[in-house]
Amino acid sequence: MTPPRPSGRARRSRARFKAGFTMMELLIVLVIISLLAALVGPMLYKRIKPAKQTVAHAQITNFMSALDTYFIDVGSYPTTQQGLRALRVRPQEGAGWNGPYLTKEIPADPWGHDYVYRAPGRNGGYEILSYGADGREGGTDENQDITSWESRN
């Protein structure tokens, strides 16, 4: 015994259901997604800038801890020529070196530039700098320099 055939009305509703979305429905969805992106996008972008500066402060603080341990072992900070690399690789003048003092390779700053290390720094001891987004000394906002002196506070 064969099942009864659906009526013409039921066949039309199934066929319409299988047809998919109309062009108008797709356009409405695209407009809604565009509006959400226009509203949320700038808010996310505003949060990315300070996040990069926070990462730079955290990395500099990590370097500072490693440099203090290096100082305890060696009796001095690495020279400018030895740089932060002395925290990972034993320098030739590294009597007492008991590293590596960093578990990972020395990262670039959040903008892709190398950190600047000076010893002695402008105020004695050492100085670690990130020049910000522009990679040049000075600047404001995203281009502001981030230094080890700021990270100590």
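Structural data are supplied above this passage.
To start, this report covers the structure provided alongside it. (Residues numbered from 1 in each chain as written. Predicted model: local features only at pLDDT ≥ 70, side-chain atom pairs only at ≥ 80, totals over all residues. Heavy atoms only, no water.)

Some words on the side chain of serine 148
Working step 1: By secondary structure assignment, the location of serine 148 is in helix H3 (residues 148-151).
Working step 2: Setting aside anything within four residues of it in sequence, one finds serine 148 in contact with Ile60, Met64, Tyr126, Glu127 and Ile128. (Helix = DSSP H or I, 4+ residues; strand = E, 2+ residues; numbered from the N terminus. Contact = heavy atoms within 4.5 Å.)

What to know about the sheet that holds strand S1 (residues 116-118)
Working step 1: Strand order in the open sheet made by the three strands is S1-S2-S3, with antiparallel pairing throughout. The open sheet has two edge strands with one neighbour each: S1 and strand S3 (146-147).
Working step 2: Sheet analysis places strand S2 (residues 127-130) next to S3, joined by two bridges and oriented antiparallel. Bridging from a neighbouring strand, leucine 129 pairs with threonine 147 of S3. (Pairing = 2+ DSSP bridges.)

Examining unusual backbone geometry
Working step 1: The step from alanine 119 to proline 120 runs through a cis peptide bond, and the omega angle for that step is 5 degrees.
Working step 2: With respect to the helices and strands, proline 120 occurs in the loop between S1 and S2.

A look at the side chain of threonine 147
Working step 1: Its place among the elements puts threonine 147 in strand S3.
Working step 2: Every residue in contact with threonine 147, bar those within four places of it in the chain, is listed here: Ile60, Ile128 and Leu129.

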